[in-house]
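Summary of structural features
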Amino acid sequence: MKIILALFIIVFFIPIPIKILFFYKDKNAVLKIYSKNINLNKSMNITKASESVNKGAVMNSTNKGKSFYFLILKDYLKRLSSTKFKPKLILGFSFKYSTNDAAVTSLIYPLINEFLSLVCTILKIPFKLKFKTVSITPEYKNKVDIDLVINCIFIVNIVKLTYMIILLLISYLGGLKHGKSSNRKFNEVNFGKS
């Protein structure tokens, strides 16, 4: 019985690292999960082909539920931001870029920094964010060149994952309770009158 209890504690409470690496260079995008490589260029081509066929049919149904799911997401993020049971995200970021104009390359640099700061602020809502390396390097070449590497390590256990799923279900069921046609009422209940 003690062995089973010990195994239960190990499985549910010990952190599990999930390693994801994304890199983009020479118009090639690759996602690596542990040792498995996924070529995103092929996936995007297939997606674009299917979207062009079903675009008209999907657009109407998407617009109808957009505000409903936006409110659910807003409520979910609000709950996540106030919880202590967040998974940890260790982030490594390396970005080298150049344009065929030195002035443009210099002007883009602060914009990239601002964008990265915004992304980090958003990531701090669902995660405890920690930086491994952050590097943004402008290169003054006579060509357009982008070299991007994002290294992510998600550290999560089953208890925290279950808790996050429960929060999502609470937000979703709260939206269903007030009905898809009652988005205004749902918004007022959860976030106050505007």
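Residues numbered from 1 in each chain as written. Predicted model: local features only at pLDDT ≥ 70, side-chain atom pairs only at ≥ 80, totals over all residues. Heavy atoms only, no water.

**Structural notes on the packing of aromatic side chains**
The tally for this structure, following the rule as stated, stands at 4 aromatic pairs. Ring geometry for Phe95 versus Tyr97: centroids 5.5 Å apart, planes at 15°, classification stacked. Among the aromatic residues, those joined into a ring-pair cluster are Phe93, Phe95 and Tyr97. (Phe/Tyr/Trp six-rings, centres within 6.5 Å; stacked < 30°, edge-to-face > 60°.)

**With respect to the pattern of salt bridges**
Under the definition given, this model contains 4 salt bridges. We note a salt bridge from Asp75 to Arg79, for which the minimum N-O separation is 3.0 Å. Of the two residues, Asp75 and Arg79 both sit in helix 2 (residues 40-82), 4 residues apart, roughly one turn of that helix. Taking the relative accessible area as the measure of exposure, Asp75 reaches 4% and is therefore buried. Through salt bridges that share partners, Glu139, Lys141 and Asp145 make up one connected network. (Salt bridge = Lys/Arg side-chain N within 4 Å of Asp/Glu carboxyl O. Helix = DSSP H or I, 4+ residues; strand = E, 2+ residues; numbered from the N terminus. Buried < 20%, exposed > 50% of the residue type's maximum accessible area, 1.4 Å probe, protein only.)

**Things to note about the environment of Lys86**
Relative to the helices and strands, Lys86 resides in the loop between helix 2 and strand 4 (88-98). For Lys86, a relative accessible area of 10% puts it in the buried group. Sequence separation of Lys86 and Phe127 is 41 residues, and the distance between their C-alpha atoms is 5.3 Å. Non-local contacts of Lys86, meaning those with residues more than four positions away in its chain, are made with Leu80, Ser81, Lys124, Ile125, Pro126, Phe127, Lys128 and Lys160. A distance of 3.1 Å separates a polar atom in the side chain of Lys86 from the backbone oxygen of Lys124. Polar contacts involving the side chain of Lys86 include one to the main-chain carbonyl oxygen of Ile125, which spans 3.2 Å. (Contact = heavy atoms within 4.5 Å. Polar contact = N/O pair within 3.5 Å; in protein donor to acceptor, adjacent residues only side chain to side chain.)

**Structural notes on the confidence of the model for the chain**
The share of residues in the chain with pLDDT of 70 or more is 75%, and the mean pLDDT across the chain is 77. This model gives residues 48-53 a pLDDT under 50, and the stretch forms 0 contacts once residues within four places in sequence are excluded. Predicted confidence for residues 180-191 stays below pLDDT 50, and this span has 24 contacts to residues more than four positions away or in other chains. (pLDDT = per-residue confidence, 0-100.)

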